[in-house]
Amino acid sequence: MAELRVIVSGALGRMGMEVGRAVAGATDLQIAAGYDPDREAAKAALWRDATGGALLVGELSEALAVGGDVLVDFTHADAARLNIRDAVAAGLHVVLGTTGIAPSDLEAVGAEAAAHGTAILFAPNFAIGAVLMMQFAERAAAYLPDAEIVEMHHSGKRDAPSGTAKLTAQRIVATRSAAGAVRTPGPAGPALPSRGLNVPDENGVPVHSIRLPGLVAHQEITFGGAGETLTIRHDSMSRSSFMPGILLAIRRVHQFQGLVTGLEHLL
């Protein structure tokens with residue numbers, strides 16, 4: 001079987017560098033190019049060390065001209081919207097970890113991918129343990145509908161709440177709705193979103209966001225019931241925790257068409 005050729009977008013970022021190292025270490029994958037507008041010399045040297053000297057370019061068009069099978073994008077929302085459109089138009093599949101993109105924009109580019117016979121696999125979190133955390137939370141929500149989320153990330157993360165927290169909240173709401181589970185009324189009426197706290201609410205699930213140096217990616221969901229609480233927590237202590245899920249997505253994204261959301265479709 002021929003090696004899959006991978007273009008890494010945001011190659012000199014923290015996640016891009018880790019993706020480059022993981023792809024370079026896989027026997028069935030090959031880095032076609034790394035793309036990053038910021039080709040500062042020290043970072044470029046780190047990229048070469050991490051990838052065994054893989055090509056690094058400053059324009060996505062240069063990377064696409066080299067040719068590839070899959071684009072992996074960990075940049076920021078404004079850049080990613082353009083990157084994935086260009087990759088889809090060039091016939092590449094996309095593994096997308098960039099969060100903060102509006103759902104309507106994702107759906108639109110997903111339709112473009114389907115028209116080109118390619119796929120965009122978007123996951124707000126590629127850690128397999130985080131996927132299991134969300135699945136466990138879905139199960140709990142049918143029996144303990146009162147829940148709040150605390151998500152904690154490094155100080156460089158731009159969006160809040162995180163994509164993982166938003167998706168977890170959506171799934172909790174969908175599960176308790178399907179089960180007919182009703183939240184406990186608050187002191188001033190039914191189901192106060194944040195029980196009087198100034199906390200952003202995601203469809204009826206309060207989400208507390210913390211951004212501090214020293215953190216990587218952490219989330220806990222606490223459910224409350226009569227005389228009991230249940231806390232489900234996941235911690236990524238290193239970005240290496242995301243690599244098995246990303247490599248799995250690279251290898252299997254070609255099995256889909258259009259927009260696919262969530263790594264659980266591959267598990």
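Coordinates for the structure precede this section.
About the thresholds
- Residues numbered from 1 in each chain as written.
- Predicted model: local features only at pLDDT ≥ 70, side-chain atom pairs only at ≥ 80, totals over all residues.
- Heavy atoms only, no water.
- Axes fitted to C-alpha atoms, helices over the stretch in contact; angles between N-to-C directions.
- Helix = DSSP H or I, 4+ residues; strand = E, 2+ residues; numbered from the N terminus.
- Parallel < 35°, antiparallel > 145°, perpendicular 65-115°, else oblique.
- Left-handed = near helix turned anticlockwise from the far one by under 90°.
- Contact = heavy atoms within 4.5 Å.
- Nonpolar A, V, L, I, M, F, W, Y, C, P; charged D, E, K, R; others polar.
- Patch = residues over 30% accessible without salt bridge, like charges linked within 9 Å, V, L, I, M, F, W, Y side chains within 5 Å.
- Areas by Shrake-Rupley, 256 points an atom, 1.4 Å probe, with all protein chains shown as cover.
- Salt bridge = Lys/Arg side-chain N within 4 Å of Asp/Glu carboxyl O.
- Buried < 20%, exposed > 50% of the residue type's maximum accessible area, 1.4 Å probe, protein only.
- Core = buried A, V, L, I, M, F, W, Y, C linked by side-chain atoms within 4.5 Å.
- Arc of directions from axis to C-beta.
- Polar contact = N/O pair within 3.5 Å; in protein donor to acceptor, adjacent residues only side chain to side chain.
- Pairing = 2+ DSSP bridges.

A. Main features of the packing of helix 1 (residues 14-24) against helix 2 (residues 41-51). Where helix 1 contacts helix 2, the two axes come as close as 8 Å, and the packing angle between them is 25 degrees. Taken together, the axes of helix 1 and helix 2 lie roughly parallel to each other. Helix-helix and strand crossings are classified by hand; for helix 1 and helix 2 the assignment is right-handed. Counted together, Gly16, Met17, Gly20, Arg21 and Ala24 of helix 1 and Lys43, Leu46, Trp47, Ala50 and Thr51 of helix 2 form the full contact between these two elements. When the residues that make up the contact of helix 1 with helix 2 are grouped by side-chain class, the tally is five nonpolar, three polar and two charged.

B. Local environment of a nonpolar patch on the surface. On the surface, Ile128, Leu132, Phe136 and Leu267 cluster together to form a nonpolar patch covering roughly 360 Å² of accessible area. Mapped onto the fold, Phe136 is located in helix 6 (residues 128-141). Judged by relative accessible area, Phe136 falls into the partly exposed class, the value being 48%.

C. Seen up close, the nonpolar core. In this structure, Phe126, Phe223, Ile246 and Ile250 are the most contacted members of the largest nonpolar core, which totals 57 residues. The biggest single contributor to this core is helix 6, with seven residues. Other than its neighbours up to four places away in sequence, Ile250 contacts Leu4, Val6, Val23, Leu29, Val70, Val72 and Val95. Counting residues in hydrophobic clusters, the runner-up holds 23 residues, among them Leu71, Ala87, Leu96 and Phe122.

D. Expanded view of helix 2. Residues of helix 2 that are buried include every one of Ala44, Trp47, Ala50 and Thr51, and no others. Angular distribution of buried residues about the axis of helix 2 spans 125 degrees; they occupy a single face of the element. When the buried face of helix 2 is taken as reference, the exposed residues oriented beyond 90 degrees from it are Ala41, Leu46 and Asp49. Its side-chain oxygen at 3.1 Å from the backbone nitrogen of Ala42, Glu40 defines the N-terminal cap of helix 2. Residue Gly52 follows helix 2 closely and has a positive phi angle near 70 degrees.

E. Local environment of the sheet that holds strand 6 (residues 119-122). Here seven strands make up an open sheet; going across it, the order is 3-2-1-4-5-6-12 and the pairing parallel. Among the strands making up the open sheet, the edge pair consists of strand 3 (56-57) and strand 12 (258-261). As paired strands, strand 4 (residues 70-73) and strand 5 (residues 93-96) are joined by four bridges and run parallel to one another. Residue pairing across strands places Asp73 opposite Leu96, the latter belonging to strand 5.

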